[in-house]
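Examination of the molecular architecture
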Amino acid sequence: MPHDKALVTDKAVTDQLSDHYSSIITELGEDVSRDGLLKTPVRAAKAMQFLTQGYEMDAENILRSAMFAEDYSEMVIVKDIEFYSLCEHHVLPFFGRAHVAYIPDGYIVGLSKIPRVIEVFARRLQVQERLTDQILQAIHTTLNPLGVAVVIEARHMCMMMRGIQKQSSVTTTSAFTGAFKSERTRNEFLKLITSNLH
Ligand SMILES: Nc1nc2c(ncn2[C@@H]2O[C@H](COP(=O)(O)OP(=O)(O)OP(=O)(O)O)[C@@H](O)[C@H]2O)c(=O)[nH]1
Ligand SMILES: [Zn+2]
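Everything quoted here is computed from the prediction, not taken from an experiment.

**Considering the overall build of the protein chain**
- Regarding its fold elements, the protein chain presents eight helices and seven strands.
- On the principal axes, the C-alpha backbone points of the protein chain span a range of 60 × 40 × 25 Å.
- Relative to its 198 residues, the protein chain shows a buried fraction of 27%.
- Looking at the protein chain alone, contacts between residues at least 24 apart form 72% of all its contacts between residues at least 6 apart.

Right under this line is the structure:
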């Protein structure tokens, strides 16, 4: 899914976006007909479709496609899941790592589906808070587990390349349901995501 270019570009959309990119590049003072820029509008159009392909994906379907009845009821954690998203204010990247946990209640989910859910919500115009919450809600609604926890750490290019120009600030967001509202369970999760056990 994330690597399949053919899936994410549509000819009509590419043509339209490409025209817009030509105008933008010209407006910036460049010569869009020079050799190095000849194919840039089309490349940029395809890249932007790739970066926003999450609009075409359905997180709940992805999770439902690999749910298995299982009696396991301890915490399952998938941590250090890297992601790239686009901030909806400046259309510049923000990127980092997500840590997700859930405590099953009768059903477990195929592990790869957790990073796939992150792709669904990261590959669109976003804010970090909503990204965190959408991942949480998709898992909560579909698996109906005893609890879900999501922590996201990210760097925002709009705060690095421009604006306030802070190079090392990291933004952390978190959201919890059910059992993770209890301090003991939440602390166990936070301890495990910060440990170096591999
Ligand atoms: N809460 C939140 N804010 C974000 C996120 N991504 C970017 N922002 C912020 O969105 C805000 C937009 O503020 P504005 O004042 O409208 O835009 P601006 O003039 O470009 O702001 P500066 O970045 O401060 O130069 C900025 O403070 C950004 O840092 C995000 O994921 N969550
Ligand atoms: Zn921004």
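**Section: the UniProt feature "binding site: Zn(2+)" (unreviewed entry) in the protein chain**
- As recorded in UniProt, the sites labelled "binding site: Zn(2+)" (unreviewed entry) are Cys87, His90 and Cys158. These annotated residues cover 72 residues of sequence, and their C-alpha atoms lie no more than 7.9 Å from one another, placing them together at a single site.
- With respect to the helices, strands and loops of the structure, His90 is situated in the loop between β2 (76–87) and β3 (93–103).
- Tracing the chain through its elements places Cys158 in helix α7 (residues 157–160).
- Apart from the residues within four sequence positions on either side, Cys158 is in contact with Cys87, His89, His90, Leu92 and Gly163.

**Focus: the domain arrangement of the protein chain**
- For the protein chain, the assigned domains read domain 1 (5–51) and domain 2 (58–194).
- On a C-alpha basis, the centroid separation for the pair domain 1 and domain 2 is 31 Å.

**Thoughts on the sheet that holds strand β5 (residues 125–126)**
- Spatial strand order, β5-β2-β3-β6-β7: five strands in an open sheet with mixed pairing. At either end of the open sheet lies a strand with only one pairing partner, and these are β5 and β7 (171–176).
- Taken strand by strand, helix α5 (residues 113–122) contacts β2, β3 and β5, and its axis lies near 20 degrees from that of β2.
- Sheet contacts for helix α6 (residues 128–143): β2, β3, β5, β6 (147–156) and β7; angle to β6, the most-contacted strand, approximately 155 degrees.

**Things to note about the site of ligand 1**
- Residues in close proximity to ligand 1 include Cys87, His89, Val127, Gln128, Glu129, His156, Cys158, Met159, Gly163 and Ile164, which together make up its full environment.
- Looking at the shell around ligand 1, the elements with two or more residues in it are α6 and α7.

**A word on α6**
- An ideal rise of 1.5 Å per residue puts 22 Å on 16 residues; α6 measures up with 23 Å between its terminal C-alpha atoms.
- Along α6, the positions that sit buried rather than exposed are Leu131, Thr132, Gln134, Ile135, Leu136, Ala138, Ile139 and Leu143.
- One or two residues past the end of α6 sits Asn144, with phi positive at roughly 45 degrees.

About the cut-offs
Residues numbered from 1 in each chain as written. Chains lettered and ligands numbered in written order. Predicted model: local features only at pLDDT ≥ 70, side-chain atom pairs only at ≥ 80, totals over all residues. Helix = DSSP H or I, 4+ residues; strand = E, 2+ residues; numbered from the N terminus. Buried ≥ 20, exposed ≤ 12 C-beta atoms within 10 Å, placed from the backbone. Contact = placed C-beta atoms within 7 Å. UniProt positions renumbered as here; feature names shortened; annotations may be inferred. Domains from an automatic or database assignment. Pairing = 2+ DSSP bridges. Axes fitted to C-alpha atoms, helices over the stretch in contact; angles between N-to-C directions. Near = placed C-beta within 6 Å. Expected span 1.5 Å × (residues − 1).

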